[in-house]
Amino acid sequence: DRKKNTSRIMWHAISRPLAVRQSVQLGVGVHRCFYEGARGPLMTSVNATTIIMGIESSADDSAVAVMDGTGKVLGESVISQMKEHRGHGGIWPDRARELHTKNLPTATENALRQAGRTLDDVSVIAFTSGPGLAPCLESGVKWCGKLAGRCRARFMPVHHMHAHALTARMTAGTDVTFPFLVLLVSGGHCTLAVAEDVDRFKVLGCKRNRHTPGEVLDKAAYLLRLHLVSGLEDVAPGAAIEAAACRGRQDPDSFKFGKLQKTRDCHRDFAPFLQEAKRRLVETDTGDESKPAPGYEDFAASMQGGVVRYVVSAAERAMVYTAKHYPDARHFVVSGGVAANNLLRTMLCDGLARQKLSSWSLVAPPPRLCTDNGVMIAWAGLEYLRAGRAPLAASELDRLWYTPGLAIGEDISEDVRSEWIYVRQPRRVPAPG
């Protein structure tokens, strides 16, 4: 508990401007300015010779990337654990930790080799400190601890969701200026927020419980046994749902998942989708586990359509609120693993049109950068450096711990609720494909 509490205080401490970051009381002593006690030279600027390594281990991907100070990706490596966890219908945390411990050294070596660099060339190592699965985050922090004894780099804790949100500024250019609205949607998150700065976010709405769009779609793929469908054997569960939805009658309304919950806010509860999916499959499944569930194509289309429509209804309310309170906002960024879904992107564009936000643009990273990767962590580290955040000296790593439930920013969802913003629910889901 002390370690958890300390990490939270440390995170807020390193988020403060350098001018006021002289000393912070942690309850176990005083944590001095992060420049003190550093083994390497004082970092006074970021330029093309600055080399940043990004390490991502929050879930089931061991990912490392190397980037220079201009944002150019020099090398990257991602080692997936998808096949290891498929039989569990989700990520097995303890097994994921074992695989991260095994795979992170290999991914690091691969990324450095591809970049033509060595550890001695690395100026800053950015790593995910939260949120995520505790055993997975722990493996990443421990790997950084080992690297600290082998190089002279400094270390930058990175908020996983900040990294997803900021990726759009790398892929679409810094034309994506603050403030902007962002939807972070994945297997672990469903959050609508306004990004006011690199590390300052206001949360408009999020998931109501542990269930998320990505988790619901992944488990639906498991229940439908889509890994037994020809051509989908090695496809990630969420992508398999999208691919299956493009087969058959392509009717997103062939199965009804009930009416969308009517709320005045941007929070969403996805548990009913999973409960209804299990009930429906009990009624229709033959029980032959050597084959996909019968009618999997239309079921996948309906599940995808229902989840996406539910997300979009919250996103449209967030659009209205953001346009009113942040008149300079011109971009809606969607990122995270589910952001690779084409139906979601299409319906969000339709939502912008329905809300008459013709001056806004929908921005989404390429699909390969929507899922967890080391590039986004390296880029977020670079954004932090440019914003003036000081990295940690290697000697201070033993004072840092991971925070699985790290909040992305200040919750202002009650403000959204109090405005009684009416949004007409999207009634028809475009056919997939």
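Residues numbered from 1 in each chain as written. Predicted model: local features only at pLDDT ≥ 70, side-chain atom pairs only at ≥ 80, totals over all residues. Heavy atoms only, no water.

### As for the confidence of the model for the protein chain
Chain-level pLDDT for the protein chain is 85 on average; 84% of the residues reach the 70-or-more range. Residue range residues 1–42 is modelled with pLDDT below 50. Its contacts to residues more than four positions away, or to other chains, number 85 contacts. (pLDDT = per-residue confidence, 0-100. Contact = heavy atoms within 4.5 Å.)

### Quick notes on the pattern of salt bridges
Under the definition given, this model contains 21 salt bridges. A salt bridge links aspartate 197 to arginine 200, with the nearest nitrogen and oxygen atoms 3.9 Å apart. Given a relative accessible area of 30%, aspartate 197 falls into the partly exposed group. By relative accessible area, which is 42% here, arginine 200 ends up partly exposed. In this structure, the salt-bridge partner of aspartate 265 is arginine 417, at a minimum N-O distance of 3.4 Å. On the criterion of sequence distance, the pair formed by aspartate 265 in the loop between helix H7 (237–245) and helix H8 (271–284) and arginine 417 in helix H13 (residues 413–418) is long-range, its members being 152 residues apart. (Salt bridge = Lys/Arg side-chain N within 4 Å of Asp/Glu carboxyl O. Buried < 20%, exposed > 50% of the residue type's maximum accessible area, 1.4 Å probe, protein only. Helix = DSSP H or I, 4+ residues; strand = E, 2+ residues; numbered from the N terminus.)

### Thoughts on the packing of helix H9 (residues 296–325) against helix H10 (residues 342–354)
The N-to-C vectors of H9 and H10 enclose an angle of 35°; their axes lie 9 Å apart at closest approach. For the pair H9 and H10, the sense of crossing is right-handed. Residue-level inspection shows Gln304, Gly305, Val308, Arg309, Val311, Val312, Ala315, Glu316 and Met319 of H9 in contact with H10, the latter providing Leu343, Leu344, Met347, Leu348, Gly351, Leu352 and Arg354. Per-class residue counts for the contact of H9 with H10 are 10 nonpolar, three polar and three charged. (Axes fitted to C-alpha atoms, helices over the stretch in contact; angles between N-to-C directions. Left-handed = near helix turned anticlockwise from the far one by under 90°. Nonpolar A, V, L, I, M, F, W, Y, C, P; charged D, E, K, R; others polar.)

### Focus on the side chain of glutamate 242
Within the fold, glutamate 242 resides in helix H7. The side chain of glutamate 242 is buried and forms no salt bridge, while arginine 345, the nearest opposite charge, is found at 8.0 Å. Setting aside its immediate chain neighbours within four residues, glutamate 242 contacts Gln304, Ala340, Asn341, Asn342 and Leu343. (Lys, Arg positive; Asp, Glu negative; His and termini not counted.)

### Looking at H7
Each α-helix turn comprises 3.6 residues. Residues three or four places apart therefore point the same way. What H7 keeps buried is the set Ala240, Ile241, Glu242, Ala244 and Ala245. The inward-facing, buried residues of H7 contact helix H6 (213–224), H9 and H10.

### Quick look at the sheet that holds strand E13 (residues 410–411)
A sheet is described by the order of its strands in space; here six strands give the open sequence E12-E11-E8-E9-E10-E13, paired in mixed fashion. Both edges of this open sheet fall to strand E12 (361–363) and E13, since each of them pairs with a single strand only. In terms of strand pairing, strand E11 (residues 331–335) meets E12 through three bridges, oriented parallel. Bridge assignment links histidine 331 to a residue of E12, and that residue is serine 361. Here helix H5 (residues 160–171) sits on the sheet in contact with strand E8 (180–185), strand E10 (200–205), E11 and E12, set at roughly 125° to E8. (Pairing = 2+ DSSP bridges.)

### A few points about the packing of aromatic side chains
Any pair of aromatic rings gets described here by the distance separating the centres and the angle formed by the planes. The full count for this structure, using the stated rule, is four aromatic pairs. Considering the side-chain rings of phenylalanine 270 and tyrosine 310, the 5.4 Å spacing of their centres and the 80° angle between planes classify their relative orientation as edge-to-face. Here the residue phenylalanine 270 occupies a position in the loop between H7 and H8, and tyrosine 310 occupies one in helix H9, the gap between them amounting to 40 residues. Classification of phenylalanine 270 as buried rests on a relative accessible area of 0%. With 5.5 Å between their ring centres and 55° between their planes, phenylalanine 273 and tyrosine 310 make a pair best called tilted. One end of the pair, phenylalanine 273, is in helix H8; the other, tyrosine 310, is in helix H9, and 37 residues separate them in sequence. (Phe/Tyr/Trp six-rings, centres within 6.5 Å; stacked < 30°, edge-to-face > 60°.)

### Digging into the sheet that holds strand E5 (residues 73–80)
One open sheet holds the five strands; their spatial order is E5-E4-E3-E6-E7, and the pairing between them is mixed. What marks the edges here is a single partner per strand, and that holds for E5 and strand E7 (154–159). Across the sheet, the mean angle separating the axes of adjacent strands is 20° when strand polarity is ignored. Bridge analysis of strand E6 (residues 124–130) against E7 gives six bridges, and the strand direction is parallel. Paired with alanine 126 across the strands is methionine 156, a residue of E7. Each of strand E3 (51–56), E6 and E7 touches helix H4 (residues 134–148); the most contacted strand, E6, lies at about 155° to it.

### As for the environment of threonine 212
Along the chain, threonine 212 falls in the loop between E10 and H6. Put simply, threonine 212 and serine 186 are 26 residues apart on the chain and 7.0 Å apart in space, counted from C-alpha to C-alpha. Excluding its chain neighbours within four sequence positions, the residues that come into contact with threonine 212 are Ser186, Gly187, Gly188, His189, Lys207 and Phe270.

### Re the environment of tryptophan 420
Tracing the sequence through the fold places tryptophan 420 in the segment after H13. According to the relative accessible area criterion, tryptophan 420 is exposed, its value standing at 60%. Distance from tryptophan 420 to arginine 264, taken between C-alpha atoms, is 5.8 Å for residues 156 residues apart in sequence.

### Quick word on the pairing of E7
Counting buried positions along E7 yields six of six residues, so the element is predominantly enclosed. The alternating pattern of E7 places Arg154, Met156 and Val158 and Phe155, Pro157 and His159 on opposite faces, both of which are buried. For the segment spanning E6, H4 and E7, crossover handedness is right-handed. (Right-handed = clockwise from strand over helix to strand, strands pointing away.)

### As for H8
Between its first and last C-alpha atoms H8 spans 20 Å; for 14 residues at 1.5 Å apiece the expected length is 20 Å, and the two agree. Listed in full, the buried residues belonging to H8 are Ala271, Phe273, Leu274, Glu276, Ala277 and Leu281. Against the buried residues of H8 lie H6 and H9. (Expected span 1.5 Å × (residues − 1).)

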